[in-house]
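Results of the structural survey
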Amino acid sequence: MSFGGPGGGQKSAKPIPPERGSFPLDHDGECKPIIADYLRCLRRVKGTNDQECRLMAKEYLRCRMEHNLMAPDEFKNLGFAEDLKAEAIPNNAGGATAHKIRDDGKKIA
């Protein structure tokens, strides 16, 4: 057996660029506090898709867009179309209940 002979060489794979272009690093740490909170949230909920963590992820992406660390895009294109702005939380004092509101401002029954 001979290694490195014809037909036995490795095939080189052509690199594939990211789907949405480059994702520059946050060298100045402009969004570092937000991502740190997000990672703590993920650890606290053991990686589940918790609404509180999703809102933190959304804030992180907003921060990146505001600081030109990613191209501006609508949140619905980033997987946040049906996210809620407020959770329905009953008031223990017998008052009103906060209503769920979608990103587009419409109430959810």
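To start, this report covers the structure provided alongside it. Because the structure is a prediction, the values reported are computed rather than measured.

**Points about helix α2 (residues 51–66)**
Look at α2: 22 Å from first C-alpha to last across 16 residues, which is about the 22 Å you get at 1.5 Å a residue. Q51, C53, A57, K58, Y60, L61, C63, R64 and M65 are the residues of α2 that are buried. Just downstream of α2, N68 is the residue with a positive phi angle, here 55°.

**Points about the packing of helix α1 (residues 32–44) against α2**
The contact between α1 and α2 brings their axes to 9 Å, and the two run at 160°. Taken together, α1 and α2 sit at an angle that is classed as roughly antiparallel. Of the two elements, α1 crosses α2, and the hand of that crossing is left-handed. Each of I34, I35, D37, Y38, C41, L42 and R44 in α1 lies in contact with α2, whose residues at this interface are E52, C53, M56, A57, E59, Y60 and C63. By residue class, the composition of the contact of α1 with α2 is 10 nonpolar, no polar and four charged.

**Quick word on the side chain of R64**
Among the secondary structure elements, R64 is positioned in helix α2. Look at R64: it is buried, it has no salt bridge, and the nearest opposite charge is D26 at 5.3 Å. Aside from chain neighbours lying at most four places away, what touches R64 is F23, P24, D26, C31, L69 and M70.

Rules and cut-offs
- Residues numbered from 1 in each chain as written.
- Predicted model: local features only at pLDDT ≥ 70, side-chain atom pairs only at ≥ 80, totals over all residues.
- Heavy atoms only, no water.
- Helix = DSSP H or I, 4+ residues; strand = E, 2+ residues; numbered from the N terminus.
- Expected span 1.5 Å × (residues − 1).
- Buried < 20%, exposed > 50% of the residue type's maximum accessible area, 1.4 Å probe, protein only.
- Axes fitted to C-alpha atoms, helices over the stretch in contact; angles between N-to-C directions.
- Parallel < 35°, antiparallel > 145°, perpendicular 65-115°, else oblique.
- Left-handed = near helix turned anticlockwise from the far one by under 90°.
- Contact = heavy atoms within 4.5 Å.
- Nonpolar A, V, L, I, M, F, W, Y, C, P; charged D, E, K, R; others polar.
- Lys, Arg positive; Asp, Glu negative; His and termini not counted.
- Salt bridge = Lys/Arg side-chain N within 4 Å of Asp/Glu carboxyl O.

Everything listed here is a matter of coordinates, which is why it stays silent on function.
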